[in-house]
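# Structural features, examined
Chain residues, written in single-letter form:
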Amino acid sequence: MELNGAEITVKCLADEGVEFVFGYPGGAVLNIYDAIFKQDKFKHVLVRHEQAAVHAADGYARSTGKVGVALVTSGPGITNAVTGIATAYMDSIPMVVISGQVPTAAIGMDAFQEVDAIGITRPCVKHNFLVKDIKDLAATMKKAFYIASTGRPGPVLVDIPKDITGQPFAYDYSMSVDMRSYNPVVKGHTGQIKKAAQMLFEAKRPMIYSGGGVVLSNASKQLTELTRLLGFPCTNTLMGLGAYPATDKQFVGMLGMHGTYEANMAMQHSDVLLAVGARFDDRVIGSPEHFARDARRIIHIDIDPSSISKRVKVDVPIVGDVAAVLDELIKLIKASKERTDATALSAWWAQIDEWRSIDCLKFDRASAIIKPQFVVQKLWEVTKGEAFVTTDVGQHQMWAAQYYPFNEPRRWITSGGLGTMGFGLPAAMGVQLAHPDAQVACVTGESSIQMCIQELSTCKQYHIPVKVVNLNNRYMGMVRQWQEFFYGNRYAESYMESLPDFVKLAESYGHVGMKIEKPEDVEPALREAFAMKERLVFMDFITDQTENVFPMVPGGAGITEMILAEEL
Amino acid sequence: MRHIISILMENEAGALSRVAGLFSARGYNIESLTVAPTEDATLSRMTIVTRGSEEVIEQIVKQLNKLIDVVKILDLSDGSHIERELMLVKVRAFGKDREEMKRMADIFRGRIIDVTEKTYTIELTGPGTKLDAFIEAIDPVAILETVRTGASGIGRGERILKV
């Protein structure tokens, strides 16, 4: 069957089982849009800014585990998409981004809307391709999906010059991908897994530290089984929330810069640490020198060898897919007669319970002003802990992480690595489209939400009933918090003046707006909003301007050097 | 420590910029980098000379392996290997210097590949240290121009980097 390049592109997407393409048309992709117009296999979602197209594809991918797809034009189309691509790259999200390019003959001529898309995106993609020959188009698309979704996932860009999309060629998508240069390891080394099991049995103060890799590998079941089998404490990174049920008693909370006291203390004082799909980043372990002060043996399971022994020296590295490695580890432990020293383990739990007893997440529940933590807790209650929660970046993000315990993976959708403000609303669109009947909340702040506020228009067009929970403290809260702690209360440019009336703004886009100013109105407002199943409701919660996120590990400090709420 | 790393990679447009970009993005240093296609035209072989602690070199190798276009890597410094570099030096060669330059080229087993009334162009091959020694040995004022390829390397004996 002979098709033109645009039709081939679209056919490839259909054959990959793509449900949604998030995009924005422009000159270089007009042929592709024409081909989209003539098909009905997938739905195209027209965003209002290319950054949002990529975030929406990202939200779709995070909440489903499938590859997200975005389509943008050349020049400003792709440069606008870069923030979204970098966001997905930092969090290892499977994604294919298709960008139009000026015609082959015009490349390098400083043509209208020309930009070196391959060069600009190279440092923030898993791989990218410039299709220079129509013969290579289908095979390149196949490789792009394969690379994006296997190994450590990540975004892959396919840059297609306009003339290629107009050329005819026979369509065939039956090829298999065989790349001599790319063969990700799945199965872990059996000898190493045996060593790991032995080390776990020898532990006196064990700790399981798991991250986004568990979610990406769909290994929550295995992580939960292993943790229960061993009776060890488990902590999740920001990216890993939901991978272990957060309401379980063996869960000690999130760790890191805004982690719980007990999680950070247990991490530092453990003698055997099992790191699963996590990468010891600076927001998690703080200073590596401080972390190394206490001796411990570390087992590290990761599909990416470059994540192992990068910031922290590891004793037993295991390269492989988390689910496959955990399966084997569980089998070994079950078959063994050995068990961890029960007396030592119960002493360790007693210590952890003592740390827990300081109740590091307490806040003023009697406050006459709305406390942001209170809003998140009520959100959890009203949604029975079952909502998908997307966030932007800052204080609200940390409060959502701390006060909305997730019992399932892929419910927590946040930009962890890049920390992208403006992520929440478009990501929520992708989540809601993938899960039309689910409750989807975008927890945000008045500063973040304005970075992609235009997507309220997309939500109207496609009837996306996201619930926006705006924690409005009239400050870039996290910036203000750092300025308060480390810059002598000099609040340089962190006050958000001239805010819009969010209620009217929501209404002008055709949505429902609510302003909530008293604590007693929080729960009723949330109930009313979530009862409106067909509508986007923008809830503007006027919260305490001075509230800070605790505990807090100052940048570069050790994870046990926490500032706690009561000390201030 | 100095390491010499050999990389076999797909001979694709942009492959070189992926490697160079990786080094600059992650703050690794490159002392020299050479690249050319191999006997198999679909493969390029690159030789990178870099410096770093064992941890840094380990990361460099891992990060290089992560590049989709990279097929195989060998840290030649892990075993015994041979290194060669080519240098072309244009030197002033008139009056009493002319005979002296010829003699120096002979001592270093260089070849004079271009001659004018006033200059010689000398071709010299060897490990980088030998080329350095030659530069040291001749009068700096006499050097008009130098160009070096950077090191190429290959493992000794049975040590082979091949797909």
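Going by the structure above, here's the rest.
Everything in this summary refers to the structure shown in the same document. (Residues numbered from 1 in each chain as written. Chains lettered and ligands numbered in written order. Predicted model: local features only at pLDDT ≥ 70, side-chain atom pairs only at ≥ 80, totals over all residues. Heavy atoms only, no water.)

### With respect to the overall build of chain B
When you go through chain B residue by residue, the secondary structure sums to four helices and nine strands. Reading chain B from its N terminus to its C terminus gives the helix and strand order β-α-β-β-α-β-β-α-β-β-α-β-β. Taking contacts inside chain B between residues at least 6 apart in sequence as the whole, the part at least 24 apart equals 73%. Surface exposure of chain B reaches about 8,700 Å², of which carbon and sulfur atoms provide 54%. Taken as two groups, the 23 positive and 25 negative side-chain charges of chain B have centres that lie 2 Å from each other. (Helix = DSSP H or I, 4+ residues; strand = E, 2+ residues; numbered from the N terminus. Contact = heavy atoms within 4.5 Å. Areas by Shrake-Rupley, 256 points an atom, 1.4 Å probe, with all protein chains shown as cover. Lys, Arg positive; Asp, Glu negative; His and termini not counted. Charge placed at Lys NZ, Arg CZ, Asp CG, Glu CD.)

### What about the pattern of salt bridges?
Residues and elements named next belong to chain A. In this structure the tally under the stated criterion is 38 salt bridges over all chains. Among the salt bridges present, the one from lysine 11 reaches aspartate 15, with a minimum N-O distance of 3.8 Å. One end of the pair, lysine 11, and the other, aspartate 15, are both in helix 1 (residues 5-15), four residues apart, so they sit about a helical turn from each other. Take lysine 11: its relative accessible area is 30%, and that puts it in the partly exposed class. Between lysine 378 and glutamate 381 there is a salt bridge, and its shortest N-O distance comes to 3.1 Å. (Salt bridge = Lys/Arg side-chain N within 4 Å of Asp/Glu carboxyl O. Buried < 20%, exposed > 50% of the residue type's maximum accessible area, 1.4 Å probe, protein only.)

### Some remarks on empty space enclosed by the protein
Residues and elements named next belong to chain A. In the structure shown here, the tally under the stated rule is two cavities of 30 Å³ or more. Estimates place the volume of the largest cavity at around 40 Å³. Lining the largest cavity are Ile358, Asp359, Cys360, Lys362, Leu564, Ala565 and Glu566. Classifying every residue of the lining of the largest cavity by side-chain character gives four nonpolar, no polar and three charged. Within this model, the second largest cavity holds a volume of roughly 30 Å³. What lines the second largest cavity is simply Gly256, Met257, Asp282, Arg283, Val284, Gly286, Val553, Pro554 and Ile559. Split into classes, the residues belonging to the lining of the second largest cavity amount to five nonpolar, two polar and two charged. (1 Å grid on protein atoms, 1.4 Å probe; cavity = no way out; pocket = protein on both sides within 12 Å on 5 of 7 lines; lining within 4 Å. Points joined across faces, edges and corners; volume = space filled by probe spheres on them. Nonpolar A, V, L, I, M, F, W, Y, C, P; charged D, E, K, R; others polar.)

### A closer look at the pairing of strand 18 (residues 467-472) of chain A
Residue and element names in this part refer to chain A. Of all the six residues making up strand 18, six are buried; the element is thus mostly covered by neighbouring parts of the structure. Where burial is concerned, the two faces of strand 18 agree: the one with Lys467, Val469 and Leu471 and the one with Val468, Asn470 and Asn472 are both buried. Of the strand pairs in this sheet, strand 17 (residues 440-445) and strand 18 are connected by five bridges, and their pairing is parallel. Residue pairing in the sheet places valine 443 in a bridge with valine 469 of strand 18. Running through helix 19 (residues 455-461), the crossover from strand 17 to the neighbouring parallel element strand 18 is right-handed. (Pairing = 2+ DSSP bridges. Right-handed = clockwise from strand over helix to strand, strands pointing away.)

### A few points about the side chain of glutamine 59 of chain B
By secondary structure assignment, the location of glutamine 59 of chain B is in helix 2 (residues 54-66). For glutamine 59 of chain B, a relative accessible area of 7% corresponds to the buried category. Excluding residues that lie within four positions of it along the chain, glutamine 59 of chain B makes contacts with Ser306, Ile308, Ser309 and Lys310 of chain A together with Tyr28 of chain B.

### So, the sheet that holds strand 19 (residues 512-516) of chain A
Residues and elements named next belong to chain A. Taken in spatial order, the six strands of this open sheet run 16-15-17-18-20-19, and their pairing is parallel. In this open sheet, the two edge strands, each paired with only one partner strand, are strand 16 (412-413) and strand 19. Sheet topology note: the strand 15 (residues 388-391)/strand 17 ladder contains four bridges and is parallel. Bridge pairing in strand 17 places threonine 390 opposite cysteine 442. Here helix 17 (residues 395-403) sits on the sheet and contacts strand 15, strand 16, strand 17 and strand 18; the angle it forms with strand 17, its principal contact strand, is near 135°. (Axes fitted to C-alpha atoms, helices over the stretch in contact; angles between N-to-C directions.)

### What to know about the environment of glutamine 450 of chain A
Residues and elements named next belong to chain A. Position of glutamine 450 relative to the elements: it lies in the loop between strand 17 and helix 19. Separated by 365 residues in the primary sequence, glutamine 450 and isoleucine 85 place their C-alpha atoms 20 Å from one another. Once you skip the residues sitting within four places of it in the chain, glutamine 450 turns out to touch Met496, Leu499, Pro500 and Phe502. Reaching out from glutamine 450, the side chain makes a polar contact with the backbone oxygen of glutamate 446 at a distance of 3.1 Å. (Polar contact = N/O pair within 3.5 Å; in protein donor to acceptor, adjacent residues only side chain to side chain.)

### Some thoughts on helix 22 (residues 519-531) of chain A
Residues and elements named next belong to chain A. Taken as a whole, helix 22 has its buried residues at Pro519, Val522, Ala525, Leu526, Ala529 and Phe530. Seen from one end, helix 22 has its buried residues packed into an arc of 120°, which puts them on one side. Facing away from the buried side of helix 22 by more than 90 degrees, the exposed set consists of Glu520 and Ala531. Where helix 22 is buried, its residues contact helix 16 (372-382), strand 17, strand 18, strand 19 and strand 20 (537-542). (Arc of directions from axis to C-beta.)

### So, the packing of aromatic side chains
Residues and elements named next belong to chain A. What the rule picks out here adds up to 19 aromatic pairs over all chains. Measuring from centroid to centroid gives 5.7 Å for tyrosine 146 and tyrosine 182, while their planes differ by 85°, and the two rings are edge-to-face. With tyrosine 146 in helix 6 (residues 137-149) and tyrosine 182 in the loop between strand 8 (168-170) and helix 8 (190-202), this pair connects stretches of sequence that are 36 residues apart. Classification of tyrosine 146 as partly exposed rests on a relative accessible area of 27%. Seen from the ring of phenylalanine 291, arginine 296 lies directly overhead, with NZ or CZ sitting 3.8 Å from the centre. For the cation-ring pair, arginine 480 lies above tyrosine 475, with the distance from its terminal atom to the ring centre recorded as 5.7 Å. (Phe/Tyr/Trp six-rings, centres within 6.5 Å; stacked < 30°, edge-to-face > 60°. Lys NZ or Arg CZ within 6 Å of the ring centre and 35° of its normal.)

### Topic: the sheet that holds strand 11 (residues 251-254) of chain A
Residue and element names in this part refer to chain A. Strands sit in the order 11-10-9-12-13-14 across an open sheet of six strands; the sheet is parallel. For this open sheet the edge positions go to strand 11 and strand 14 (316-319), each flanked by a neighbour on one side alone. Here the strands of the sheet are splayed against their neighbours by 15° on average, with no regard to which way each runs. Bridging between strand 13 (residues 297-302) and strand 14 involves four bridges; their strand directions are parallel. The partner of histidine 300 across the bridge, within strand 14, is proline 317.

### Overview of the interface of chain B and chain A
At the interface, 18 residues of chain B touch 18 residues of chain A. On the chain B side of the contact with chain A, Arg18, Lys62 and Ile68 of chain B bury the most area, a combined 42% of that side's loss. Our enumeration of links across chain B and chain A arrives at four salt bridges. The partner of glutamate 58 of chain B in a salt bridge is lysine 313 of chain A, with the nearest N and O atoms 4.0 Å apart. If you look at where chain B meets chain A, you find 11 residue pairs in polar contact (both at pLDDT 80 or more). Counting only elements with at least two residues in the side of chain B that touches chain A, the list comes to helix 1 (15-25), helix 2 and strand 4 (70-75) of chain B. By residue number, the principal contributor to the side of chain B that touches chain A is helix 2 of chain B, which donates five residues. Of the residues contributing to the side of chain B that touches chain A, the split by class is six nonpolar, five polar and seven charged. (Buried area = accessible area lost by both parts, 1.4 Å probe.)

### Here we look at the layout of surface pockets
All names here are of chain B. Here the second largest pocket defines a volume of roughly 1,300 Å³. Element by element, the count of residues in the lining of the second largest pocket is highest for helix 1, at six residues. Residues that form the lining of the second largest pocket fall into these classes: 20 nonpolar, 12 polar and 14 charged.

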